[in-house]
Amino acid sequence: MNVLLVYPEFPDTFWSFRHALKFIRKKAASPPLGLMTIASMLPKEWNLRLVDLNITTLRTKDLVWADYVFISAMVVQRDSVRMVIDRCVEEGVNIVAGGPLFLGEYEDFPEVDHFILNEAEITLPQFLTDFERGQTKRIYRTDHFPELDLTPIPRWDLVNFKHYATMNIQLSRGCPFDCEFCNITAILGRRPRYKSGDQIVAELNSLYQHGWRGDVFFVDDNFIGNKKRLKKEILPALIEWRKGKAGISYNTEASINLADDSQLMEMMTSAGFTTVFIGIETPDEASLDECNKNQNRGRDLVESVKRIQRAGLQVQGGFIVGFDHDTPSIFQKQIDFIQKSGIVAAMVGLLQAPHGTRLYQRLLGEGRIFDSGSGNNVDGSTNIIPQMDIDVLRAGYQRILKNIYSPKLYYERVITFLKEYQPPKIEVQIDTAHILALLRSIYLLGLRGTERFQYWKLWGWVLTHKPRLFPTAITLSIYGHHFRIISQQVTETK
Ligand code: B12
C-alpha cells in the first residue's frame with residue numbers, strides 16, 4: 001500500500017509568517033502535525049510519503065505512485081484542497097480526508113472516497129479494520145473524545161526539519177471555557193485531556209534525537225486547562241528534561257487566568273516557555289459578557305497582561321470587533337488597549353461564526369449567517385450580518401489595523417513591552433541563522449524599509465536599556481514587517 005500524505009497550501013495569513021520567514025530562510029512556520037500523527041497510526045508495512053505544499057509542489061509521479069492520498073486541512077486551505085482533489089481525480093487516486101475543514105464541510109467534497117472525521121485515535125482504527133475486511137464506509141465519525149495516551153509520537157522522519165521555523169508538539173486538547181464564537185470546545189470538548197509527563201518527555205526526546213534544536217510550539221488549545229496536573233506532573237517533568245540543554249524555547253496558548261498564578265508562571269518559564277498566545281478579544285465588558293468570555297471579565301486586563309510579561313512571558317493576543325454590543329467607539333478603545341498592554345503581536349479579526357459554534361447556531365436562528373466563511377479570521381471578511389452597519393465596521397476595523405501596524409505605533413509597543421519583559425531564564429543560542437537574519441533586517445528594515453527611523457531608534461533604546469533583549473527586539477522588528485504587509489493587504493483590497 002502506497003500512501004501519499006498531502007498538506008494543502010495556505011494563503012498568506014497572519015500566522016503564516018510568510019514575510020518573516022524569508023529572513024531566516026525557512027519555507028513554513030510549522031509542519032503538518034495532524035498528518036505526522038496519523039502516519040504513526042497506519043500499518044507499519046505501508047509505504048508513506050508526505051508532501052507539504054507549503055514547501056514543495058505536488059508532482060504527478062507521486063500521485064502515480066500512490067494508491068491513496070490522505071489529505072488534512074483547515075478551512076483556510078479550501079482552494080488548495082480543491083486543486084489537490086482535482087489532480088487526484090485526474091490521476092485516478094483514491095482520496096481519504098480528515099481535519100477541521102472536512103469536519104464542518106464534508107458534504108461539499110463529493111469526490112472524496114472516505115472521510116475520517118473527529119479525532120483519528122477513534123475513527124482511524126475503525127477505518128483500518130473495515131479496510132482489512134474490504135468493507136469500508138464513506139464516513140467515519142464519533143461523539144467521543146479519546147484519551148491522549150492513545151496518541152502516538154508523530155513521524156518526524158516524514159518532514160525535512162530545515163524548511164520549518166518551529167516544530168509542534170501537543171500536550172493537551174480541549175478547553176474548560178465556553179466562548180460563544182470558538183469552535184475548539186465544539187470540536188475537542190471542554191474537558192482538557194492531557195498526555196502524561198512521561199509521554200510528553202518521550203515525545204520531546206524523540207524530537208531531540210531526530211536532531212531538532214529549534215523552538216517548539218505546544219499546540220494546545222489552552223495549555224493551563226488543568227493547572228493542578230500541570231504543576232504536579234507535567235511541568236516538573238519538563239523542567240527536568242531541560243537540564244543540560246541550551247536553547248529550544250517553547251510557546252503555547254493559554255487563558256488570561258494564567259496571570260493569577262505566579263507559581264505556574266514561574267514553573268513555565270523554568271521549563272523554557274517564553275511566549276503565550278491569549279484570547280483577549282475586547283476590553284468591553286458588555287461584549288465579553290455577550291460572548292461568554294467570563295474568564296476575562298471583572299479584571300484589569302492590561303494589568304493581567306503586564307503581570308505575565310513581568311514573569312518572563314511575551315503575550316501575543318487575539319482581538320475581535322463586531323460583537324452585537326460594539327459601538328463605533330470600540331475601534332479607538334481597541335487601539336488604546338493594544339498600545340497600553342504592549343501586546344506586540346496583536347491578531348485583530350472581524351467576528352466570524354465558524355460551523356459548529358454556539359454563535360453559528362444563534363445567528364442562524366436570527367437569519368444572520370450568509371455563508372460558511374473564509375476560514376481566515378484576519379482577512380477583513382465575515383460570514384455574519386453584524387448589528388453595526390457593515391461599512392462602519394469595516395472602516396473601523398481597517399483603521400485599527402492601519403494604526404497598530406504603522407511603524408510608529410508598532411515600535412512604540414515593542415518598547416512598552418520590552419520595558420516590562422523579563423529576559424528568558426533559558427540560555428538563548430545565537431547561531432549563524434540569527435546573524436544572517438540580523439543582517440537581512442538591517443538591509444530590508446534599516447536601510448530600505450519605511451520603518452527605518454523607528455528600527456534604529458529601537459536599536460538605540462534596547463542596547464542602552466536592556467541589551468540582553470536585543471535578539472527579541474530584532475525578532476519583533478521582523479514580525480512587524482510581516483504583520484504590516486498582512487494588514488496592508490486587508491486594508492487595500494477589501
Ligand atoms: C498549531 C495550529 C496552527 C499552527 C500550525 C498550522 C500547521 N501547519 O499545522 C499555526 C500557528 C501556523 C496556525 C495557523 C493558522 N490557524 Co491554526 N491551529 C493550530 C492548532 C492550535 C493545533 C493544530 C494541531 O496541530 N493539532 C494537533 C493535531 C494532532 O491535531 P489535528 O491536526 O486536528 O489532527 C487530528 C484530527 O483532526 C485528525 N486528522 C487531521 N487531519 C487528518 C487527515 C486524515 C487523512 C485523517 C485520517 C485524520 C486527520 O487526526 C489527528 C489526530 O486525532 C489548532 C487548534 C486545534 N486544536 O486543532 C488551530 C486551528 C487548526 N487553526 C485555525 C486557524 C483559523 C488558523 C489560521 C487561519 C489563523 C490565522 N488567521 O492566521 C492560520 C492559518 C494557517 C497558516 N499557516 O496560515 C483553526 C481552524 C478552523 C477550521 N475549521 O479550519 C483552528 C481549529 C483553531 C480554532 N480555534 O478554530 N495554526
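Before any of the text, the structure's been laid out above.
Residues numbered from 1 in each chain as written. Predicted model: local features only at pLDDT ≥ 70, side-chain atom pairs only at ≥ 80, totals over all residues. Heavy atoms only, no water.

Observations regarding the pattern of salt bridges
Applicable threshold: Think of a salt bridge as a Lys or Arg side-chain nitrogen and an Asp or Glu carboxyl oxygen that are within 4 Å of each other. Elements are defined by DSSP. Helices are runs of H or I of four residues or more, strands are runs of E of two residues or more, and each kind is numbered from the N terminus. When accessible area is computed with a 1.4 Å probe and restricted to protein chains, residues below 20% of their type maximum are described as buried, those above 50% as exposed, and intermediate ones as partly exposed.
Applying the stated criterion to the full structure yields 32 salt bridges. The salt bridge involving R299 is made with D260; its shortest N-O contact spans 2.8 Å. Note that R299 is positioned in the loop between helix 11 (285–290) and helix 12 (301–310) and D260 in the loop between strand 11 (250–254) and helix 10 (262–271), a separation of 39 residues in sequence. The partly exposed category is assigned to D260, whose relative accessible area is 47%. Between K333 and D284 there is a salt bridge, and its shortest N-O distance comes to 3.2 Å. With K333 in helix 13 (residues 330–341) and D284 in the loop between strand 12 (273–281) and helix 11, this residue pair connects regions lying 49 residues apart in the sequence. Its relative accessible area of 37% is what places K333 among the partly exposed residues. Here the salt bridges do not stand alone but share partners, grouping D260, R299, E303, K306, R307, R310 and E420 into one network.

Topic: the nonpolar core
For clarity, the threshold we go by: The definition of a nonpolar core used throughout is a set of buried Ala, Val, Leu, Ile, Met, Phe, Trp, Tyr and Cys residues joined through side-chain atoms within 4.5 Å. Any two residues whose heavy atoms approach within 4.5 Å at even a single point are treated as in contact.
Within the largest apolar cluster, 126 residues are counted, with the highest numbers of intra-cluster contacts made by L5, F70, F218, L235, L258, F273 and I308. Apart from the residues lying within four places of it in its own chain, the contact partners of F70 are V3, L4, L5, V6, L35, I38, L42, W46, V96 and F127. I71, A73, C88 and Y106 belong to the second-largest nonpolar core, a separate cluster that totals 25 residues.

A word on the sheet that holds strand 3 (residues 68–72)
Where strands meet in a sheet, backbone hydrogen bonds hold them as pairs that are either parallel or antiparallel. Rules: For two strands to be treated as a pair, DSSP must find at least two bridges joining them.
Taken in spatial order, the 6 strands line up as 2-1-3-4-5-6 in an open sheet, and their pairing is parallel. The two strands at the open ends of the sheet, each matched to only one other strand, are strand 2 (47–52) and strand 6 (139–140). In terms of strand pairing, strand 1 (residues 2–7) meets strand 2 through 6 bridges, oriented parallel. Its bridge partner lying in strand 2, N2 is registered against N47.

Points about a nonpolar patch on the surface
Here is the rule: Only residues whose relative accessible area exceeds 30% and that form no salt bridge are eligible for patches; like-charged ones are grouped when within 9 Å, while nonpolar side chains (Val, Leu, Ile, Met, Phe, Trp, Tyr) are grouped when within 5 Å. Accessible areas in this description were obtained via Shrake-Rupley with a 1.4 Å probe; residue shielding takes into account the shown protein chains only.
A contiguous nonpolar patch, built from V428, I430, I435, L436 and L439 and spanning about 440 Å² of accessible area, is present on the exposed surface. Relative to the elements of secondary structure, V428 occurs in the loop between helix 16 (407–420) and helix 17 (432–447).

A few points about the packing of helix 12 against helix 16
Applied cut-off: Note on method: axes are straight lines fitted to C-alpha atoms, helices fitted across the in-contact stretch only, with angles between N-to-C directions ranging 0 to 180 degrees. Between 65 and 115 degrees an angle is taken as roughly perpendicular, under 35 as roughly parallel, over 145 as roughly antiparallel, and anywhere else as oblique. Side-chain classes follow a simple rule in which Ala, Val, Leu, Ile, Met, Phe, Trp, Tyr, Cys and Pro form the nonpolar group, Asp, Glu, Lys and Arg form the charged group, and the remainder, Gly included, forms the polar group.
Contact geometry for helix 12 and helix 16: axes closest at 8 Å, N-to-C directions at 60°. Here helix 12 lies oblique to helix 16, going by the angle between them. Taken together, the residues of helix 16 that come into contact with helix 12 (itself represented by K306, Q309 and R310) are T416, F417 and E420. A class-by-class count of the residues in the contact of helix 12 with helix 16 yields 1 nonpolar, 2 polar and 3 charged.

Observations regarding unusual backbone geometry
Even without a glycine there, the phi angle at F17 is positive, about 55°. With respect to the helices and strands, the residue F17 is situated in the loop between strand 1 and helix 1 (18–21). The class for F17 is buried, based on a relative accessible area of 14%. A positive phi angle is found at I248, which is not glycine, with a value near 55°. Here I248 shows up in the loop between helix 9 (227–242) and strand 11.

Details of the sheet that holds strand 11
Spatial ordering of the open sheet is given by 7-10-11-12-13-14, a layout of 6 strands whose pairing is parallel. Each edge of the open sheet is held by one strand with a lone partner, namely strand 7 (166–169) and strand 14 (346–350). Between one strand axis and the next, the sheet turns by 20° as a mean value, whatever way the strands run. Sheet topology note: the strand 11/strand 12 ladder contains 5 bridges and is parallel. Residue T252 lies in a different strand from strand 12, and its bridge partner there is V276. The strands that helix 10 touches are strand 11 and strand 12; relative to strand 12, the one it contacts most, it runs at about 135°.

A closer look at the packing of aromatic side chains
Quick note on the threshold: Side-chain rings of Phe, Tyr and Trp (the six-membered ring for Trp) are treated as a pair once their centres are within 6.5 Å; stacked means planes under 30 degrees apart, edge-to-face means over 60, and tilted covers the remaining angles.
As enumerated under the stated definition, the model contains 34 aromatic pairs in all. Measuring from ring centre to ring centre gives 4.7 Å for F223 and F273, while their planes differ by 50°; the resulting arrangement is tilted. Within this pair, whereas F223 is found in the loop between strand 10 (215–218) and helix 9, its partner F273 is found in strand 12, the two being separated by 50 residues in sequence. A relative accessible area of 2% means that F273 is categorised as buried. Both rings, one in Y455 and one in W456, keep their centres 5.0 Å apart while their planes meet at 80°; by these two values the pair is edge-to-face. Here Y455 falls in the buried class, since its relative accessible area comes to 0%. With a relative accessible area of 36%, W456 lands in the partly exposed category. Taken together, the ring pairs in this structure connect F14, W15, F17, F277, Y405, Y410, Y411, Y479 and F483 into an aromatic cluster.

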